[in-house]
Amino acid sequence: MPAQSTPPSPASPAPPATPAGFLRSAPEAAAELSWAGQGWLAAGEPLGDRPDATEVTRLRTLRALTVRWPAAEVPTGAVIGLAAAGVPLHAAASPAWVEPGLARLLAAWTPEESGGGPRSVTDLRREEQSVRLRRHGLRSRDAAATPTVSVVMSSMRPHLLGSALAQIARQRRVETEVLLALHGVPAGHEAVRRALRECGLPVMVIEADAATPFGEALNLAASRASGEYVAKWDDDDWYGPEHLADLLLARSYAGADIVGAAAEFFYLEPLNATVRRTDYTSEIWSDHVAGGTILLDRARYAELGGFPPLPRGVDAGFLKAAHAAGARIYRTHGLGYVLRRSVSADHTWRLSLAHFLRVATNQWRGFRPSLILEGP
């Protein structure tokens, strides 16, 4: 008998698009996303029910897609898929059958609302819309249990603890525990006791004397972690209420071992000025993320041996060693994070204020974070 040929197996569908590849500035005007009777058209071309990276790449150069909803209910998988990929979407009004949360998001921003304004601001408002849509789309598509995060922080500045702990306490969509290494500061210090009393979170305090290297103080705290994930937190920076949730979303869609944010916004305290640098592209694989935003699985942290027991250069040393060990590092957006820069002696990485002015793409007077930070 002639040998029977085996029919080829159908090709696996391409995975849905993620925010990877988002462009901060779009050179082309907005186009339309419209229902064509049997499916959606994006900028005039058919779009699958689960848009993949190839389909979304051609839309990245557009300022936005304006959604033209039909009166009657239709499948919305393609729209949710574009939102999950961070494609900026807009609709001034949506019919009653559209999910209310999505309808509100689409109406909250318009590509034309800042016409004539500074390009730096209009691009930032567009990226903020992208971030909000990513959150909505990814959570609509992939519901998950509330993760537990052990937040590790070392501090020798008691006057900053109240603000730092309050920002951890306002984190949404995660359960947190705080592992606080007091570095040369007694637990009985009045500012420490007040901050702990007002925090409202479980805080485990570890005392390390001033001679203990900074990296070792972090490891002493992290050794007490019980959460699924370990996240590093800096006591002098500002974090948005969905900072941890955004990192966990990025870890999920990227499949990364380590995630962190781009170091974009800096508040230069002596100058009362905010600068933004955009040379650190976001939504990419990288060997560098902002040190105060490092997050990884607790077991992976243990495998990597923790932070190097050094007095400074701890974040860079950890990431370098992790990269050399084959850890995959992903850098997501930095809109929910602002680094405070005072005089160089106050920081473990000692760069002058002039350095930050030189590398800044934008500069504003006063404290001017992205709206994603949600205050203060």
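Residues numbered from 1 in each chain as written. Predicted model: local features only at pLDDT ≥ 70, side-chain atom pairs only at ≥ 80, totals over all residues. Heavy atoms only, no water.

- As recorded by an unreviewed UniProt entry, the protein chain carries the name Family 2 glycosyl transferase and is attributed to Streptosporangium minutum.

**A short note on the sheet that holds strand 6 (residues 148-155)**
- Pairing within the open sheet is mixed, and its eight strands lie in the order 8-7-6-9-15-11-16-14. Each edge of the open sheet carries a strand with a single partner, namely strand 8 (203-208) and strand 14 (284-285).
- One ladder, built from two bridges, connects strand 14 with strand 16 (residues 329-332); its direction is antiparallel. The partner of W285 across the bridge, within strand 16, is Y330.
- The sheet strands contacting helix 7 (residues 214-222) are strand 6, strand 7 (175-183), strand 8 and strand 9 (229-232), and the helix crosses strand 6 at an angle near 145°. (Pairing = 2+ DSSP bridges. Helix = DSSP H or I, 4+ residues; strand = E, 2+ residues; numbered from the N terminus. Contact = heavy atoms within 4.5 Å. Axes fitted to C-alpha atoms, helices over the stretch in contact; angles between N-to-C directions.)

**A few points about the sheet that holds strand 13 (residues 273-276)**
- Ordered in space as 10-17-12-13-18, the five strands form an open sheet in which the pairing is mixed. The open sheet terminates on both sides in strands that have one partner only, identified here as strand 10 (238-239) and strand 18 (362-365).

**Section: the UniProt feature "domain: Glycosyltransferase 2-like" (unreviewed entry) in the protein chain**
- According to UniProt, the "domain: Glycosyltransferase 2-like" (unreviewed entry) feature falls on residues 157-271.
- For residues 157-271, the end-to-end C-alpha separation is 21 Å, with 37% helix and 25% strand making up the annotated structure. (UniProt positions renumbered as here; feature names shortened; annotations may be inferred.)

**Some thoughts on the domain arrangement of the protein chain**
- Segmenting the protein chain into domains produces domain 1 (28-140) and domain 2 (148-365).
- For domain 1 and domain 2, the distance between their C-alpha centres works out to 33 Å.
- Between domain 1 and domain 2, the contact holds 10 residues from the first and 14 residues from the second.
- Roughly 1100 Å² of surface becomes buried between domain 1 and domain 2 when both sides are summed, with 57% attributable to carbon and sulfur atoms.
- The tally of links from domain 1 across to domain 2 stands at five salt bridges.
- Across the salt bridge formed by R276 and E127, the nearest N and O atoms sit 3.1 Å from each other.
- The interface formed by domain 1 and domain 2 includes four residue pairs in polar contact (both at pLDDT 80 or more).
- Its residues placed into classes, the side of domain 1 that touches domain 2 shows four nonpolar, one polar and five charged. (Domains from an automatic or database assignment. Buried area = accessible area lost by both parts, 1.4 Å probe. Salt bridge = Lys/Arg side-chain N within 4 Å of Asp/Glu carboxyl O. Polar contact = N/O pair within 3.5 Å; in protein donor to acceptor, adjacent residues only side chain to side chain. Nonpolar A, V, L, I, M, F, W, Y, C, P; charged D, E, K, R; others polar.)

**Focus on the nonpolar core**
- Formed by 41 residues in total, the largest nonpolar core has its most connected members in V149, M153, L244 and L295.
- The residues contacting M153, other than those within four sequence positions of it, are L161, A164, L165, I168, L179, L180, A181, L218, W233, D234 and D235.
- Counting 28 residues, the second largest nonpolar core, distinct from the first, contains A17, A83, V98 and A103. (Core = buried A, V, L, I, M, F, W, Y, C linked by side-chain atoms within 4.5 Å. Buried < 20%, exposed > 50% of the residue type's maximum accessible area, 1.4 Å probe, protein only.)

**Details of the environment of I168**
- With respect to the helices and strands, I168 occurs in helix 5 (residues 158-169).
- Here the alpha-carbon distance between I168 and V151, two residues 17 residues apart in the chain, equals 8.1 Å.
- With near-sequence residues (within four places) excluded, I168 lies in contact with V151, M153, T176, V178, L201 and W233.

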